Amino acid sequence: TSKLQDVLATMNQQQQAKAMTCDQLLGPSLVDADGTLFQTSEKLKDVNIVGLYFSAHWCLPCRKFTQDLVNAYNKHMIHKKCQIIFISSDRNDACFKEYMKEMPWVAVPFKSREVKARLSSKYGVRGIPKFVLLDAKEDCALIADNARELLKEDPQCLNFPWKPKTPRELLAEITVLQKDNATNTVPATEVLENKTIGLYFSANWCPPCHIFTPELVKTYLATRSKGFEIIFVSSDRDQASFEDYFATMPWLALPFSHRALKAKLNEAFGISGIPSLVIIGPDGVVITKDGRAAVNRDPEGAQFPWYPPPYELLEQNSFVNEEPTCLILADICDKDTAKTLEVALKEAATEMQAKCRKADIRVRFALALPNDQMVLRIRKLVDIEPSTCMILIDIPHGQKYYKPCSNVITKESIMEFVLSYKAKSIQPNKLNL
């Protein structure tokens with residue numbers, strides 16, 4: 001059994017043993033409107049969902065949303081084993097206590113200002129009211145940090161707690177696809193089974209889209225026989241523009257009328273600009289969200305389905321700001337050492353990419369060699385003396401970085417470091433931004 005398999009076999013146990021508990025996150029005690037104190041662990045022992053409600057008595061939007069939240073909590077959420085916890089931004093204890101009279105849930109005690117500050121920082125609270133949902137049965141893992149907006153969209157809490165759907169679940173919601181006109185549709189299951197799917201987010205009004213679409217057509221025709229199917233997900237403003245643009249495409253489309261599903265796809269895949277091409281494997285796992293760049297690099301489709309390379313050079317990467325990235329900083333060592341480290345990184349990254357896609361090991365790998373133009377910027381972000389070392393930077397999930405327990409860099413230590421990060425068994429440090 002390989003080292004990777006050994007670590008994977010115990011990953012669940014590591015998560016349970018090392019992840020942050022509710023006590024660590026929220027403090028040892030909670031208080032209700034009557035001033036009764038409860039042990040956090042006791043209050044939450046039978047709870048499935050924890051809702052963190054950042055609010056204040058002086059905030060008029062908060063007062064309005066509190067009424068809506070109380071109504072939803074009493075009618076729906078409490079029956080789904082949800083416990084809301086008020087995190088106060090009130091100016092004093094008297095205002096806190098007055099506001100608590102409107103709430104049927106508990107709160108972090110007002111005097112626990114350090115807990116309030118830590119939670120506000122952790123969940124990026126820039127304004128109130130803010131409502132965050134956590135999974136109490138999964139070590140307080142984040143479910144939704146925009147639950148206020150989700151409640152407005154679903155006031156009856158029919159889909160509460162609004163857990164994000166996996167790519168496979170979202171694709172299952174696509175039941176019908178359009179072929180060449182609005183009346184010519186086909187069941188999705190007939191055309192997508194065992195296919196690699198490209199979700200093409202584009203629009204008729206977008207000039208860069210009109211440049212990229214003809215190139216994508218060429219690549220699609222070259223790779224269609226390899227099991228590739230594209231679904232056009234339109235950002236057009238009306239049906240007529242959609243139809244006009246879709247007429248230039250040889251693939252399928254999500255019907256324009258399916259606006260709600262289109263919005264879900266946009267949010268799930270983090271689409272902030274178009275054209276964007278997301279590639280999803282037959283197993284429902286995302287291969288790459290940067291299919292546009294993959295097609296531009298490989299227009300003939302020789303590398304289809306464009307799995308990301310096991311690692312990239314730091315100065316050539318395009319993902320460190322968007323995905324957790326394990327970095328080997330070999331910029332100040334001799335060439336022979338740098339080559340040895342590159343071999344270890346390649347072996348570790350290749351093995352993890354091949355075996356861990358379904359284990360949710362969504363970490364990228366990069367190597368900084370001498371004369372790398374980005375490495376000085378990276379070293380400024382982390383509190384590490386100039387040396388050959390390994391770090392993991394996680395900008396999208398709280399602007400943090402991680403250091404391994406050992407300075408030894410081998411194939412095995414790289415894999416163990418990344419899996420320890422995923423198991424939450426190493427402590428994060430804040431980037432110096």
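Details of the structure are given in the entry above.
Everything numeric in this text was worked out from a predicted model, so none of it was measured.

Along its length, the protein carries 17 helices and 20 strands. Here the protein has a C-alpha radius of gyration of 25 Å; the compact-globule value for 433 residues is 22 Å, and the two agree. C-alpha atoms of the protein, sized along the principal axes, occupy 70 × 65 × 40 Å. Sorting the 433 residues of the protein into buried and exposed places 49% on the buried side. Pairs at least 24 residues apart make up 69% of the contacts formed inside the protein by residues separated by at least 6 positions. Accessible surface, the protein: about 21700 Å² in total, of which carbon and sulfur atoms supply 50%. Charged side chains in the protein number 54 positive and 52 negative. The centres of these two groups are separated by 3 Å.

Let us look at the nonpolar core. If you look at the biggest cluster of nonpolar residues, it comprises 48 residues, and the most contacted ones within it are Leu 199, Tyr 200, Trp 251, Leu 265 and Phe 269. In terms of nonpolar packing, the next biggest core, distinct from the first, is built from 31 residues, Phe 65, Cys 82, Phe 131 and Leu 151 among them.

This structure, assessed with the given rule, holds 24 aromatic pairs. Seen from their ring centres, Phe 86 and Phe 96 are 5.7 Å apart, and the 15° between their planes marks the pair as stacked. Pair noted here: Phe 86 is in strand S4 (residues 82-88) and Phe 96 is in helix H6 (residues 93-100), with a separation of 10 residues, a long-range link. Of the two residues, Phe 86 and Phe 96, neither departs from the other in class, the shared state being buried. Taken together through their ring pairs, the aromatic side chains of Tyr 200, Phe 212, Tyr 220, Phe 228, Phe 232, Phe 242, Tyr 245, Phe 246, Trp 251, Phe 256, Phe 304 and Trp 306 make up a single cluster.

Here we take up helix H17 (residues 411-422). Compared with an ideal rise of 1.5 Å per residue, which puts 12 residues at 16 Å, H17 spans 17 Å between its outermost C-alpha atoms and is within 8% of the ideal. Most of H17 sits inside the fold, with 9 of its 12 residues counted as buried. When we look at burial in H17, the residues that qualify are Ser 413, Ile 414, Met 415, Phe 417, Val 418, Leu 419, Ser 420, Tyr 421 and Lys 422. Remark: Lys 424 follows H17 within two positions and exhibits a positive phi of approximately 60°.

Further remarks concern the pairing of strand S16 (residues 325-329). Within S16, 5 of the 5 residues are buried, which leaves it mostly tucked inside the rest of the structure. Because side chains alternate across S16, one face comprises the buried residues Thr 325, Leu 327 and Leu 329, and the other comprises Cys 326 and Ile 328, equally buried. Two strands pair when backbone bridges link them, and S16 and strand S17 (residues 364-368) are joined in this way by 5 bridges, in the parallel orientation. Looking across to S17, one finds that Thr 325 is bridged to Arg 364. Two elements, S16 and strand S18 (residues 389-394), share 5 bridges in a ladder whose sense is antiparallel. Counted as the bridge partner of Leu 327 is Ile 391 from S18.

Once that is clear, we can look at a negative patch on the surface. Residues Asp 145, Glu 149, Glu 153 and Glu 267 make up a contiguous surface patch of negative charge. Here Asp 145 lies in the loop between strand S7 (141-144) and helix H8 (147-153).

It is worth spelling out the environment of Gln 399 at this point. Inspection of the secondary structure assignment puts Gln 399 in the loop between S18 and strand S19 (400-402). With relative accessibility at 35%, the residue Gln 399 sits in the partly exposed group. Separated by 297 residues in sequence, Gln 399 and Glu 102 place their C-alpha atoms 36 Å apart. Those residues in contact with Gln 399, other than ones at most four positions away along the chain, are Asp 394, Asn 429, Lys 430, Leu 431 and Leu 433.

On to the sheet that holds S18, then. By definition, the strands of a sheet pair up through backbone hydrogen bonds, in either a parallel or an antiparallel sense. Taken together, the 6 strands give an open sheet; going across it, the order is S15-S17-S16-S18-S19-S20, and neighbouring strands pair in mixed fashion. What marks the edges here is a single partner per strand, and that holds for strand S15 (312-313) and strand S20 (429-430). Two strands pair when backbone bridges link them, and S19 and S20 are joined in this way by 2 bridges, in the antiparallel orientation. Within S20, the residue paired with Tyr 401 across the bridge is Asn 429. Each of S16, S17, S18 and S19 is contacted by H17, which is oriented at about 30° to S18, the strand it contacts most.

Moving on to the pattern of salt bridges. Considering all chains together, one arrives at 13 salt bridges under this definition. Across the pair Arg 63 and Glu 102 runs a salt bridge, and its minimum N-O distance is 3.0 Å. Remark: Glu 102 occurs in the loop between H6 and strand S5 (106-107) and Arg 63 occurs in helix H5 (residues 60-75); sequence separation between them is 39 residues. Here Asp 93 ties to Lys 97 by a salt bridge, and the two come within 3.1 Å at their closest N and O atoms. Here Lys 97 and Asp 93 lie together in helix H6, a separation of 4 residues that amounts to about one turn. Here the salt bridges share partners, and the residues they tie into one network are Lys 165, Glu 173 and Lys 264.

Conventions used here
- Residues numbered from 1 in each chain as written.
- Predicted model: local features only at pLDDT ≥ 70, side-chain atom pairs only at ≥ 80, totals over all residues.
- Heavy atoms only, no water.
- Helix = DSSP H or I, 4+ residues; strand = E, 2+ residues; numbered from the N terminus.
- Rg over C-alpha atoms; globule rule 2.2 N^0.38 Å.
- Buried < 20%, exposed > 50% of the residue type's maximum accessible area, 1.4 Å probe, protein only.
- Contact = heavy atoms within 4.5 Å.
- Areas by Shrake-Rupley, 256 points an atom, 1.4 Å probe, with all protein chains shown as cover.
- Lys, Arg positive; Asp, Glu negative; His and termini not counted.
- Charge placed at Lys NZ, Arg CZ, Asp CG, Glu CD.
- Core = buried A, V, L, I, M, F, W, Y, C linked by side-chain atoms within 4.5 Å.
- Phe/Tyr/Trp six-rings, centres within 6.5 Å; stacked < 30°, edge-to-face > 60°.
- Expected span 1.5 Å × (residues − 1).
- Pairing = 2+ DSSP bridges.
- Patch = residues over 30% accessible without salt bridge, like charges linked within 9 Å, V, L, I, M, F, W, Y side chains within 5 Å.
- Salt bridge = Lys/Arg side-chain N within 4 Å of Asp/Glu carboxyl O.
- Axes fitted to C-alpha atoms, helices over the stretch in contact; angles between N-to-C directions.

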